[in-house]
Amino acid sequence: MMYKTIIGLEIHAQLLTKSKAFCSCSTEHFEAEPNINICPVCTGQPGTLPVLNEEALKLAIKTGLILNGQINKFSRFDRKNYFYPDLPKGYQITQYFHPIVSGGYIDVEGKKIRIRRMHLEEDTAKMLHEGDQISSAQESLIDFNRAGIPLLEIVTEPDIETPKQARIFMEKLRNLLRYADVSTGDMEKGALRCDANISILNQENKEISKRVEIKNINSFKFVEKALEYERDRIINNLEKGGELIQETRGWDANKKETFSMRTKEEEMDYRYFPEPDLPILILNDELIETVRKLIPEMPEEKAKRFVSQYNIPEYDAQILSSDKELADYYERCVELAKDAKFVSNFILTELLREMKENEDSIETVKIKPEHFAELKMLLDTNTISTKIAKDIFPEMYRTGDSPKQIVEKKGLKQIENEDELRKIIENVLKENTDSVEKYKNGKKKLLGFFVGQVMKETKGKANPQKTNEILKELLEDN
Ligand SMILES: [Zn+2]
């Protein structure tokens, strides 16, 4: 490969606090009425003073610990000065010179993607432009509910080599943040936002392209798509010998392409200086240890426990524990159905397939853990066969009806009655005299064919074991 892709990410995670970073206003901003959760502090009125939210501090430490970072016992807040309507004070309180966490990493495809730093900062207000785009907007509105919400900015080293790795990094990060109750990680609601920068190294002449930044990517799919698009665009440009400009671009999800937002020349010169209204942060071991104790069981530990406690394969355990809600759902199902392997099989094959096809998340799944228990009971009592169980699963998924209801409604009860089965089987044999002849002449493999015919005749309702027994009996008999 002549070209090497170099990607770094800057991610903003909204910390799961009840109140804002430096005042006591509620952090509810997504569905709240505009400009309702605001006060003199977060709207930047003169004479007000910020007070750091201790919960935000603890969540930042917690994130540093789960991402293998070093918690800095000395850190400090800075002012990032620039003028923009979404910035009420004319500066943003952030950490620039001394971040709260240095280092850290996440494993992606067997490679350690290093994290450079994580720092605390406050969110800006939200601007709404009337019309399609900012340049043609008749009016712009500002909602200050978001101003002052605590964010943790996570900056990676340029260790990511493919757009796919960037997506996996984001997904893993989101899962870890959710696991540790640090952030909802909900990209649709803006609780996790990503800027990506990309450049291309020509490995033959060692020349490196100018760096392009893609701003405000708001879904995992788009992280990958936007970076793929940009990688190809830059390489194309290099091949044609064109001049690449260092710029900031946006992702247009409809056109599936990036577009130029601003070039380097226009980029603002932030003047950073220490925030005089907040004290220097000095952390002691006691606080760090208190936070460490708040970390719940994380995915790797959980996977190990699933293997030993439920006796399921490591692969299954890893998938089930990759998402906290899925893991909780699995455990609740096992508790009720009392068969860990049955539940894991059904979740891994049937449930995850349906979820993927319907682009659902576990939170919106209509099948209740109770339904797994009922399905197991229907199988254990031979009321339905495994095939019927799999057949009705999509309907359970779609409607949220209990398996019992569906089985009754559709008349799917297994045929258990031997006389009834015998009649059906006798008919099948009569209709297939050629095959019966071949079977008797030694082609024993045809047993499967007969079973299949019986199942076809009964729409899968024949008890498989009894069908086998009766078939053998009738075929061996004469
Ligand atoms: Zn406030």
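Thresholds applied
Residues numbered from 1 in each chain as written. Predicted model: local features only at pLDDT ≥ 70, side-chain atom pairs only at ≥ 80, totals over all residues. Heavy atoms only, no water. UniProt positions renumbered as here; feature names shortened; annotations may be inferred. Helix = DSSP H or I, 4+ residues; strand = E, 2+ residues; numbered from the N terminus. Donors = N, O, S within 2.8 Å, 3.2 Å for Na, K, Ca; no water. 1 Å grid on protein atoms, 1.4 Å probe; cavity = no way out; pocket = protein on both sides within 12 Å on 5 of 7 lines; lining within 4 Å. Points joined across faces, edges and corners; volume = space filled by probe spheres on them. Nonpolar A, V, L, I, M, F, W, Y, C, P; charged D, E, K, R; others polar. Domains from an automatic or database assignment. Core = buried A, V, L, I, M, F, W, Y, C linked by side-chain atoms within 4.5 Å. Buried < 20%, exposed > 50% of the residue type's maximum accessible area, 1.4 Å probe, protein only. Contact = heavy atoms within 4.5 Å. Axes fitted to C-alpha atoms, helices over the stretch in contact; angles between N-to-C directions. Parallel < 35°, antiparallel > 145°, perpendicular 65-115°, else oblique. Left-handed = near helix turned anticlockwise from the far one by under 90°. Patch = residues over 30% accessible without salt bridge, like charges linked within 9 Å, V, L, I, M, F, W, Y side chains within 5 Å. Areas by Shrake-Rupley, 256 points an atom, 1.4 Å probe, with all protein chains shown as cover. Salt bridge = Lys/Arg side-chain N within 4 Å of Asp/Glu carboxyl O. Lys, Arg positive; Asp, Glu negative; His and termini not counted. Charge placed at Lys NZ, Arg CZ, Asp CG, Glu CD. Pairing = 2+ DSSP bridges. Polar contact = N/O pair within 3.5 Å; in protein donor to acceptor, adjacent residues only side chain to side chain.

Chemist: Please explain the UniProt feature "domain: Asn/Gln amidotransferase" (unreviewed entry) in the protein as it appears in this structure.
Modeler: Residues annotated by UniProt as "domain: Asn/Gln amidotransferase" (unreviewed entry) correspond here to residues 328-475. Within residues 328-475, the helical portion is 73% and the strand portion 0%, while the C-alpha atoms at the span's ends are 50 Å from each other.

Chemist: Would you explain the coordination of the zinc ion in this entry?
Modeler: Metal coordination angles in their ideal form are 109.5 degrees for the four-donor tetrahedron and 90 or 180 degrees for the six-donor octahedron. The protein atoms that coordinate the zinc ion are Cys 23 (SG), Cys 25 (SG), Cys 39 (SG) and Cys 42 (SG), at distances spanning 2.3 to 2.4 Å. Here the donor residues of the zinc ion are spaced in sequence according to C-x1-C-x13-C-x2-C.

Chemist: Is there a simple way to explain the layout of surface pockets in this structure?
Modeler: The gaps left among the atoms become clear once a water-sized probe is rolled over them. Empty space within the second largest pocket amounts to approximately 2,300 Å³. At the level of elements, α1 (54-66), β7 (105-108), α2 (163-179), α3 (220-239), α5 (299-310), α6 (314-321) and α8 (340-357) are the ones that each hand at least two residues to the lining of the second largest pocket. With 8 residues, the single largest contributor to the lining of the second largest pocket is α2. Among the residues making up the lining of the second largest pocket, the classes are represented as 20 nonpolar, 11 polar and 18 charged.

Chemist: What is the right way to read the domain arrangement of the protein from this model?
Modeler: How big an interface is tends to be expressed through the accessible area that disappears when the partners come together. The assigned domain composition of the protein is domain 1 (3-286), domain 2 (297-410) and domain 3 (418-477). Each of domain 2 and domain 3 has a C-alpha centre, and these two points are 33 Å apart.

Chemist: How should the nonpolar core be read in this particular structure?
Modeler: Counting residues in hydrophobic clusters, the biggest one holds 102 residues, and the most contacted among them are Leu 9, Tyr 330, Leu 351 and Phe 372. Two domains share this core, each providing at least three of its residues, namely domain 1 (3-286) and domain 2 (297-410). Leave out the neighbours within four places in its chain, and Phe 372 touches Tyr 329, Cys 333, Ala 337, Phe 342, Val 343, Phe 346, Ile 347, Ile 367 and Phe 393.

Chemist: Any chance you could explain the packing of helix α10 (residues 386-399) against helix α11 (residues 403-410) here in plain terms?
Modeler: Each packed pair of helices is defined by two parameters, the angle between the axes and the distance between the axes. Packing of α10 against α11 brings their axes to within 10 Å, and their N-to-C directions diverge by 120°. Between α10 and α11, the angle is such that the two are oblique. For the pair α10 and α11, the sense of crossing is right-handed. Residues Ile 392, Glu 395, Met 396 and Thr 399 of α10 form the contact with α11, whose participating residues are Pro 403, Ile 406, Val 407, Lys 409 and Lys 410. Broken down by class, the residue content of the contact of α10 with α11 amounts to 5 nonpolar, 1 polar and 3 charged.

Chemist: What exactly am I supposed to notice about a nonpolar patch on the surface here?
Modeler: A cluster of nonpolar residues, Phe 74, Ile 280 and Ile 282, forms a patch on the protein surface that exposes about 300 Å² of accessible area. Tracing the sequence through the fold places Phe 74 in strand β3 (residues 74-75).

Chemist: For this particular structure, what's the right way to read a negative patch on the surface?
Modeler: Taken together, the side chains of Glu 418, Asp 419, Glu 420 and Glu 469 make up a negatively charged region of the molecular surface. Element by element, the count of residues in the negative patch is highest for helix α12 (residues 418-431), at 3 residues. Taking relative accessible area as the criterion, Glu 418 reaches 40% and is therefore assigned partly exposed.

Chemist: Which parts of the structure should I look at to understand the pattern of salt bridges?
Modeler: Following the criterion strictly, the structure yields 41 salt bridges and no others. In this structure, Lys 387 engages Asp 391 in a salt bridge whose closest nitrogen and oxygen atoms are separated by 2.9 Å. Residue Lys 387 and its partner Asp 391 are both found in helix α10; the two are separated by 4 residues, about one turn of the helix. The exposure class of Lys 387 is partly exposed, given its relative accessible area of 46%. Classification of Asp 391 as partly exposed rests on a relative accessible area of 43%. In this structure, Glu 416 and Lys 466 form a salt bridge, with 3.2 Å as the shortest nitrogen-oxygen distance. Placement of the pair is Glu 416 in the loop between α11 and α12 and Lys 466 in helix α15 (residues 464-477), with a sequence separation of 50 residues.

Chemist: When you look at the sheet that holds strand β16 (residues 271-274) in this model, what are you seeing that I'm missing?
Modeler: Across a sheet, strands are paired by hydrogen bonds formed along the backbone, either parallel or antiparallel in direction. Spatial strand order, β5-β4-β16: 3 strands in an open sheet with antiparallel pairing. Both outer strands of the open sheet, β5 (91-94) and β16, are each paired with one neighbouring strand and no more. Across the sheet, the mean angle from the axis of one strand to that of its neighbour is 25°, orientation sign disregarded. One ladder, built from 4 bridges, connects strand β4 (residues 78-81) with β16; its direction is antiparallel. When the bridges of β16 are listed, Arg 79 appears paired with Phe 273.

Chemist: Quick question: what am I supposed to make of the side chain of Thr 467 here?
Modeler: Tracing the backbone shows Thr 467 in helix α15. A relative accessible area of 0% means that Thr 467 is categorised as buried. Polar side-chain contacts of Thr 467 include one of 2.7 Å to the backbone oxygen of Asn 463. Contacts of Thr 467, omitting those with residues within four sequence positions, involve Leu 421, Ile 425, Val 454 and Ala 462.

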